[in-house]
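Here is how the chains run, residue by residue.
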Amino acid sequence: MSEPVRTVAVLSDVHGVLPVLDAVLAEPDVAGADRVVVTGDHAAGPQPVEVLDRLRSLGDRALLVRGNADRELVTLARGGTTAVPDPVAPWAAARLRPADVDLLAGLPHPAELTVEGFGRVVFCHGTPRDDDEVVLVDSSLDRWAEVLGGLDPSVTTVVMGHTHMPFVRLVDRRLCLNPGSVGMPYGRAGGSWALLRAGQVELRHTPVDVEAAVAAVVAGSAYPAAEDWAREYVASVNSDADALRAFAPRDGRGRAGSVSGSA
């Protein structure tokens, strides 16, 4: 077990959006955190290589967790096929260098740190057992018990990503949270992240100039549809209500909805 760390900044779902990532990394509490954990889906977007290079620059402070989109990019980059409908995924996979593919292929899921004031904290993407599994803030206790059932009782806190919406809730005495998304937020433009410090969870939000961020993505990407992609996702066209309706059937209840693209 690793030595306890005092502060952890948690980011998730950067999805290849460098200007918003840079804005979040510039936050004093992110820059000063002992560890920066990014809970998956790092590069599937219009600036995949640029984002991976920026995350590499964090060195040993960074703990990168595998997301479903990271796993899918590796499959595509190695000549395989996936069921992902979003055209940015094969484009991003084709941009990856061999070292990028190796990096994504070697990412852990889940990962764990010991954090002062929390104890054992598990970081995952979808759920601890499956990087593509969906659990929501209003999922039933039975659903939560199902997806967390394999965890040791001494794990006090579970941090996840995947659904791009920030929340904190207790699940039968275990703290569960999602920091939201840096690059593809649902419901509010800007970079969402979380800070774990002294036993407290703080959901944070970094506002951005949306037009400037869109322009930076377009200027920094060769993706042919970069502007349309950024205007939908960086600008958060899809609301949290849209996302909840789309994801609800995947946790076993509700009616079908739709959110374009891929989480």
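See above for the structure.
Throughout the structure, instances matching the rule amount to 4 aromatic pairs. Ring geometry for Trp-91 against Tyr-223: centres 5.1 Å apart, planes inclined by 50°, an arrangement best described as tilted. Taken together, the residues span a long stretch of sequence, with Trp-91 in helix α5 (residues 88-95) and Tyr-223 in the loop between α8 (210-219) and α9 (226-233) at a distance of 132 residues. Of the two residues, Trp-91 and Tyr-223, both sit in the buried class.

A few words now on unusual backbone geometry. In the segment running from His-109 into Pro-110, the intervening peptide bond is cis, with an omega of -10°. You can see Pro-110 is positioned in the loop between α6 (98-105) and β4 (111-115). The phi dihedral of Asp-13 falls on the positive side, at around 50°, and the residue is not glycine. Within the element layout of this structure, Asp-13 appears in the loop between β1 (7-11) and α1 (18-25). Positive phi is not limited to glycine here, since His-164 has a value of about 65°. Relative to the elements of secondary structure, His-164 occurs in the loop between β6 (155-159) and β7 (167-171).

Analysis parameters
- Residues numbered from 1 in each chain as written.
- Predicted model: local features only at pLDDT ≥ 70, side-chain atom pairs only at ≥ 80, totals over all residues.
- Heavy atoms only, no water.
- Phe/Tyr/Trp six-rings, centres within 6.5 Å; stacked < 30°, edge-to-face > 60°.
- Helix = DSSP H or I, 4+ residues; strand = E, 2+ residues; numbered from the N terminus.
- Buried < 20%, exposed > 50% of the residue type's maximum accessible area, 1.4 Å probe, protein only.

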